Amino acid sequence: METRRVADILKNGQPEETVIVKGWVRTKRELKGFSFTEVNDGSSLAGLQVVIDSGISDYDTIIKKINTGASIEVGGKLVSSQGKGQKIELQADSVIVYGEADAETYPLQKKRHSFEFLRTINHLRSRTNTLGAVFRVRNACSVAIHQFFQEKGFMWIHSPIITASDCEGAGELFTVTNFDLNNLPKNATGEVDYSQDFFGKPAYLTVSGQLQAEVMAMAFQNVYTFGPTFRAENSNTSRHLAEFWMVEPEMAFCDLEGDQNLAEEFLKYIFKYVLATCPEDIEFFNKWINKTILATADNIINNEFARITYTKAIEILEGADKKFQFPVEWGIDLQSEHERYLAEELFKKPVIVTNYPKEIKAFYMRLDEGEKTVSAMDVLAPGIGEIIGGSQREERLDVLERRIQETGIEADDLWWYLDLRRYGTVPHAGFGLGFERLVQFITGMNNIRDVIPFPRTPLNAEF
Ligand code: ATP
Ligand code: MN
């Protein structure tokens, strides 16, 4: 007999086939002479209905042990199901109980639990319908990302997790040290002496792999990172984690327009892929979590994204007959309410906003003619706001040096970054996508803590 996954059986199983299934019991119903058990092995939203006849050996002992949460192995024959809800079920010949789950204490009894509660039992929550669906979709998104870039000839590069430069100048860094914090070495002036630390200078968890991606793009042309990044943001929002995954493509010989084209093609590809590979999970989200996500996916796939400059966006917002909490004027950073107005109410589809004031963007973004704005772009999506941030990079050595000086960033740390402009510089561009924001966007899940298996947020690193 062949061991098979539930998803495969539900899709391809034929009556009379003999199979073995291993998984966890979701429900059990005892009737006269037999019982129904639903087994889920994580491969699909739906479980497999197993019919256990009281004629099998040890029936009474076995059936007592099969409570919700127990792990079992069932061998038997597939038969057409009489009941509604499934077309095939498993008629058990043998049942092995691996581990019981006490009905009094197992927290996931059959009822709806709040996501807040489920976060307190993070080690068990992946066995629920919703979290199961989330993590299958998260996996599909990961595959789609690699497939998209690999098909286009991009090289996956591994940027370091520990870095010695606060490149973004973003603050919000976690320090990496092997100092004994109760006994810090001090220098003559009483400051911590980092020359004695592991790396001989302050080191941090990375906030972005972009600068290293630029290095690799100058050798391999088109590259991408896909890995964890860290920010010590002390903000408890539904969109921020302290540890999250980022996707950062970087392209040599590319300008802001090429960057926008890639971002649009990329998002469309991922949505198409997930709809094609996880249709039941997406239906589930559309029914139980957010009734607009199928329409949103359709919107992303079938419509061209709107593209406007920041200056134009400000004009639109100033003319809008809507009261914003944060007043609008040229020079402000767009707030969530502004982004949402543009994407949700005005264009009703994703909008790419470009050419932001240089004062509110990073030093490495290419200075536009007139020197007021930089070649930055943000992709704003209905329901979520900023999902992608990117730019054409400053490839001119003199301009970059000037910008570094203006923004007060430590140039000494960036000598290697400047070298890229000294030796064989080319126009290049890239963007960063917050992976969890993408999963939120596709599933309609409200809280970012519920789209990553082990969320890290202020005061919480349990599990
Ligand atoms: P926000 O204004 O939402 O804090 P940001 O401007 O700090 O975003 P970037 O520095 O441009 O974001 O980072 C690139 C992408 O990473 C963002 O577009 C977003 O999708 C994602 N991102 C940023 N911070 C977080 C976080 N703390 N948790 C999860 N994703 C994040
Ligand atoms: Mn931020």
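All residue numbers here refer to positions counted from 1 along the written sequence of the relevant chain. Going through the entries in the order they are written, you letter the chains from A and number the ligands from 1. Reporting of local features is limited, given that this is a predicted model, to residues whose pLDDT is at least 70; pairs of side-chain atoms are given and counted only at 80 or more, and all residues count toward the totals for whole chains, interfaces and linings. Heavy atoms throughout the structure, all of them, feed into the side-chain values; hydrogens and water do not.

### Let's talk about the overall build of the protein chain
Helix numbers and strand numbers start at the N terminus; a helix is a DSSP run of H or I with at least 4 residues, a strand a run of E with at least 2. Along its length, the protein chain carries 14 helices and 17 strands. Dimensions of the protein chain along its principal axes, counting C-alpha atoms only, are 85 × 60 × 45 Å. By residue count, 49% of the 463 residues in the protein chain fall in the buried class. What makes two residues a contact is simply this: any of their non-hydrogen atoms within 4.5 Å. Of all intrachain contacts in the protein chain linking residues separated by at least 6 positions in sequence, the fraction that spans at least 24 positions is 67%. Roughly 22,500 Å² of accessible area belongs to the protein chain as shown, and the carbon and sulfur atoms make up 50% of that amount. Residues counted as positive are Lys and Arg, residues counted as negative are Asp and Glu, and His and the chain ends are not counted. Charged side chains are reduced to one point each, which is NZ for Lys, CZ for Arg, CG for Asp and CD for Glu. For the protein chain, the separation between the mean place of its 50 positive charges and that of its 67 negative charges on side chains is 7 Å. Residue burial is assigned from relative accessible area. The probe radius is 1.4 Å, only protein chains are included, and a residue is buried under 20% of its type maximum, exposed over 50%, and partly exposed in between. Shrake-Rupley sampling with a 1.4 Å probe provides the accessible areas, and residues are treated as covered by the protein chains on show and by no other component.

### Some details on the nonpolar core
Phe 266, Ile 388 and Leu 438 are the most contacted members of the largest nonpolar core, which has 63 residues in total. Top element by residues in this core is helix 5 (residues 129-151). It accounts for 11 residues. What Phe 266 contacts, discounting residues up to four positions off in sequence, is Ile 145, Phe 148, Phe 149, Val 247, Ile 388, Phe 431 and Leu 433. In this description, a nonpolar core means a group of buried Ala, Val, Leu, Ile, Met, Phe, Trp, Tyr and Cys residues linked to one another through side-chain atoms lying within 4.5 Å. Counting residues in each nonpolar core, the second largest holds 34 residues, with Phe 324, Phe 363, Leu 418 and Leu 420 among its members.

### So, the domain arrangement of the protein chain
Boundaries between domains were set according to an automatic or database domain assignment. Split into domains, the protein chain comes out as domain 1 (2-99) and domain 2 (127-158 + 232-450). Its C-alpha centre places domain 1 at a distance of 45 Å from the equivalent point of domain 2. Counting residues at the interface gives seven residues for domain 1, matched by eight residues for domain 2. Note on terms: buried area is the combined drop in 1.4 Å-probe accessible area of two parts once they are placed together, counting the loss on both. Counting the surface lost from both domain 1 and domain 2, the interface buries some 590 Å², and carbon and sulfur atoms represent 44% of this. For domain 1, the biggest contributors to the area lost against domain 2 are Trp 24, Arg 26 and Leu 45; these three give 74% of the whole. For salt bridges, the criterion is a side-chain nitrogen of Lys or Arg within 4 Å of an Asp or Glu carboxyl oxygen. Remark: the boundary between domain 1 and domain 2 carries zero salt bridges. In the analysis that follows, any N or O atom pair within 3.5 Å is treated as a polar contact, provided that within protein one partner can donate a hydrogen and the other can accept it, and provided that, for residues neighboring in sequence, both atoms belong to side chains. Taken together, domain 1 and domain 2 are joined by three residue pairs in polar contact (both at pLDDT 80 or more). The classification used treats Ala, Val, Leu, Ile, Met, Phe, Trp, Tyr, Cys and Pro as nonpolar, Asp, Glu, Lys and Arg as charged, and all other residues, Gly among them, as polar. When grouped by side-chain class, the residues that make up the side of domain 1 that touches domain 2 number two nonpolar, four polar and one charged.

### Some points on the pattern of salt bridges
Overall, the coordinates contain 25 salt bridges when judged by the stated rule. Its salt-bridge partner being Asp 281, residue Arg 136 comes within 3.0 Å of it at the nearest N-O pair. Residue Arg 136 is located in helix 5, and its partner Asp 281 is located in helix 8 (residues 279-288); the two are separated by 145 residues in the primary sequence. Note on accessibility: Arg 136 and Asp 281 belong to one class, buried. Glu 401 is the salt-bridge partner of Arg 422, the closest N and O atoms lying 3.7 Å from each other. Note that Arg 422 is positioned in helix 13 (residues 415-422) and Glu 401 in helix 12 (residues 397-407), a separation of 21 residues in sequence. Accessibility expressed as a relative area gives 35% for Glu 401, which makes it partly exposed. Salt bridges linked by common partners bring Glu 371, Arg 402, Arg 403 and Glu 406 together as one network.

### Thoughts on the packing of aromatic side chains
The pairing test for Phe, Tyr and Trp rings, Trp by its six-membered ring, is centres within 6.5 Å, and the orientation test on the planes gives stacked under 30 degrees, edge-to-face over 60, and tilted for anything in between. Under the counting rule described, the total for this entry stands at 20 aromatic pairs. Measuring from ring centre to ring centre gives 5.8 Å for Phe 266 and Phe 431, while their planes differ by 50 degrees; the resulting arrangement is tilted. A residue pair is termed long-range when its members are at least 10 positions apart, and Phe 266 in helix 7 (residues 256-277) and Phe 431 in strand 17 (residues 428-434) qualify at 165 residues. Assigned by exposure class, Phe 266 and Phe 431 land together as buried. An angle of 75 degrees between the planes, with centres 5.4 Å apart, marks the rings of Phe 363 and Tyr 364 as edge-to-face. For Tyr 364, a relative accessible area of 4% translates into the label buried. Our definition puts a charge over a ring when NZ of Lys or CZ of Arg is within 6 Å of the ring centre and also within 35 degrees of the ring normal. Geometry around Tyr 356 places Lys 361 over its ring, the cationic atom sitting 4.3 Å from the centre. Between Arg 421 and the ring centre of Tyr 417, over which it is positioned, the NZ or CZ distance is 4.1 Å.

### Side note on the site of ligand 1
We call a residue near a molecule or strand as soon as one heavy atom of that residue lies within 4 Å of the molecule or strand. Surveying the vicinity of ligand 1 reveals the residues Arg 231, Glu 233, Arg 239, His 240, Leu 241, Phe 244, Met 246, Glu 386, Ile 387, Gly 434, Arg 437 and Ile 448. With respect to ligand 1, the side chain of Arg 231 contributes an N or O atom lying 2.9 Å from an oxygen atom. With respect to ligand 1, the side chain of Arg 239 contributes an N or O atom lying 3.4 Å from an oxygen atom. Protein contact buries 79% of the 580 Å² of open area that ligand 1 shows by itself. Across the shell around ligand 1, the residue classes break down as five nonpolar, two polar and five charged.

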